[in-house]
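Architecture and fold: a report
Given next are the chains, with one letter for each unit.
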Amino acid sequence: GDSVTQTEGLVTLTEGLPVMLNCTYQSTYSPFLFWYVQHLNEAPKLLLKSFTDNKRPEHQGFHATLHKSSSSFHLQKSSAQLSDSALYYCALRMNYNQGKLIFGQGTKLSIKP
Amino acid sequence: DMKVTQMPRYLIKRMGENVLLECGQDMSHETMYWYRQDPGLGLQLIYISYDVDSNSEGDIPKGYRVSRKKREHFSLILDSAKTNQTSVYFCASSYQNSGNTLYFGEGSRLIVV
């Protein structure tokens, strides 16, 4: 069945280093992928989503590229900031099942000074 | 104002008691959701509602039921709460054809003792 996998439960980085959070998926049909971010004691909110026309979505310095050949949608940023510390969820939209979203397990990103 | 409001934010109940979690949105979104969030499991879909009185089970509906009598209001009900229902519950809403950008509430933390 359709699923989303985030292999890292916790990623700890020093400020200024590059960020990459992994997301792989299994989907029966052509997927839409999303990244949501949740800061401490806040609601999850959309960070970015995949496009259908091969554009690379970007927001707040983060970007992600949908690679159908490897079924991946990794989140990247060139230089981590302290304010990037948060819980990040990758999500898959199931087009054939009335648009339900499946979320991955989440990756906690902790940025140290 | 694009807001999803959840009440109550914190709740402690004894095992076997009934629980009512309420959610409201001011965006006239057709679709509303209830998720629960547990460490290591991510966000799991309990129920989805496509409009008034049009509800569908998510991935973990057992032990829960929902009610949607007005488009802007979606309730989650636990009849006879169990200790394994201790969790943080998130309500979300979206436009039917928005590409599934979900707008989340700030969560309701339920402890069942």
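Read on for a plain summary of the structure. Predicted model only: the values in this text are computed from it and were never measured. (Residues numbered from 1 in each chain as written. Chains lettered and ligands numbered in written order. Predicted model: local features only at pLDDT ≥ 70, side-chain atom pairs only at ≥ 80, totals over all residues. Heavy atoms only, no water.)

Focus: the overall build of chain A
Each helix and strand counted, chain A has zero helices and twelve strands in total. When the helices and strands of chain A are placed in sequence order, the string is β-β-β-β-β-β-β-β-β-β-β-β. By the compact-globule yardstick of 13 Å for 113 residues, chain A fits well, its C-alpha radius of gyration being 14 Å. Overall size of chain A, expressed as C-alpha extent along the three principal axes, is 45 × 30 × 20 Å. Buried positions account for 45% of the 113 residues belonging to chain A. Considering only intrachain contacts with a sequence separation of at least 6, the fraction spanning at least 24 residues in chain A is 58%. Taken as a whole, chain A presents about 5700 Å² of accessible surface, with 50% of it coming from carbon and sulfur. (Helix = DSSP H or I, 4+ residues; strand = E, 2+ residues; numbered from the N terminus. Rg over C-alpha atoms; globule rule 2.2 N^0.38 Å. Buried < 20%, exposed > 50% of the residue type's maximum accessible area, 1.4 Å probe, protein only. Contact = heavy atoms within 4.5 Å. Areas by Shrake-Rupley, 256 points an atom, 1.4 Å probe, with all protein chains shown as cover.)

Here we look at the pairing of strand β11 (residues 100-103) of chain A
All names here are of chain A. By the alternation rule, side chains of β11 split into K100 and I102 and L101 and F103, which are all buried. Taken together, the four bridges between strand β10 (residues 86-94) and β11 define a ladder with antiparallel strand orientation. The residue bridging L92 from the neighbouring strand is I102, located in β11. (Pairing = 2+ DSSP bridges.)

Brief notes about a nonpolar patch on the surface
Nonpolar side chains collect at one region of the surface, where I12(B), I111(B) and V113(B) lie side by side and expose about 280 Å² of accessible area between them. Judged by relative accessible area, I12(B) falls into the exposed class, the value being 62%. (Patch = residues over 30% accessible without salt bridge, like charges linked within 9 Å, V, L, I, M, F, W, Y side chains within 5 Å. Salt bridge = Lys/Arg side-chain N within 4 Å of Asp/Glu carboxyl O.)

Looking at the packing of aromatic side chains
Here the structure, examined in full by the defined rule, presents twelve aromatic pairs over all chains. For the pair F62(A) and Y88(A), a centre-to-centre distance of 5.7 Å together with 45 degrees between the ring planes defines the contact as tilted. A residue pair is termed long-range when its members are at least 10 positions apart, and F62(A) in strand β8 (residues 62-64) and Y88(A) in strand β10 qualify at 26 residues. The class for F62(A) is buried, based on a relative accessible area of 2%. A relative accessible area of 1% means that Y88(A) is categorised as buried. Where F103(A) meets Y35(B), the ring centres are 5.3 Å apart and the plane angle is 90 degrees; that geometry is what we call edge-to-face. Pair noted here: F103(A) is in strand β11 and Y35(B) is in strand β4 (residues 31-38), and the two residues belong to different chains. Under the relative-accessibility criterion, Y35(B) is labelled buried at 0%. (Phe/Tyr/Trp six-rings, centres within 6.5 Å; stacked < 30°, edge-to-face > 60°.)

Brief notes about the sheet that holds β8(A)
Residue and element names in this part refer to chain A. On the basis of which strands lie adjacent, the open sheet formed by four strands has the order β3-β9-β8-β7 and antiparallel pairing. Each having just a single partner strand, β3 (19-21) and β7 (58-59) make up the two edges of the open sheet. With two bridges joining them, β7 and β8 adopt antiparallel strand pairing. Within β8, the position partnered with E58 by the bridge is H63.

Focus: the interface of chain A and chain B
At the junction of the two partners, chain A supplies 19 residues and chain B supplies 21 residues. When the area that chain A buries against chain B is broken down by residue, the three leading residues are P44(A), K100(A) and F103(A), summing to 30%. Between chain A and chain B we count zero salt bridges in total. Our count for the contact surface shared by chain A and chain B stands at five residue pairs in polar contact (both at pLDDT 80 or more). Secondary-structure elements contributing two or more residues to the side of chain A that touches chain B are β5 (32-38), β6 (45-49), β10 and β11 of chain A. Of the residues belonging to the side of chain A that touches chain B, the class tally is nine nonpolar, six polar and four charged. (Buried area = accessible area lost by both parts, 1.4 Å probe. Polar contact = N/O pair within 3.5 Å; in protein donor to acceptor, adjacent residues only side chain to side chain. Nonpolar A, V, L, I, M, F, W, Y, C, P; charged D, E, K, R; others polar.)

Points about the pattern of salt bridges
All names here are of chain B. All told, the structure shown has six salt bridges over all chains when counted by the stated rule. A salt bridge links E106 to R9, with the nearest nitrogen and oxygen atoms 3.1 Å apart. Separated by 97 residues along the polypeptide, E106 in the loop between β10 (103-104) and β11 (108-112) and R9 in the loop between β1 (4-7) and β2 (10-13) bring together distant segments of the chain. Given a relative accessible area of 42%, E106 falls into the partly exposed group. The class of R9 is partly exposed, set by a relative accessible area of 27%. Where D79 meets R65, a salt bridge forms, and the shortest distance between an N and an O atom there is 2.6 Å. Taken together, the residues D79 in the loop between β8 (73-78) and β9 (87-94) and R65 in strand β7 (residues 65-70) connect sequence positions 14 residues apart. Residue D79 is classed as partly exposed on the basis of its relative accessible area of 37%. The partly exposed category is assigned to R65, whose relative accessible area is 42%.

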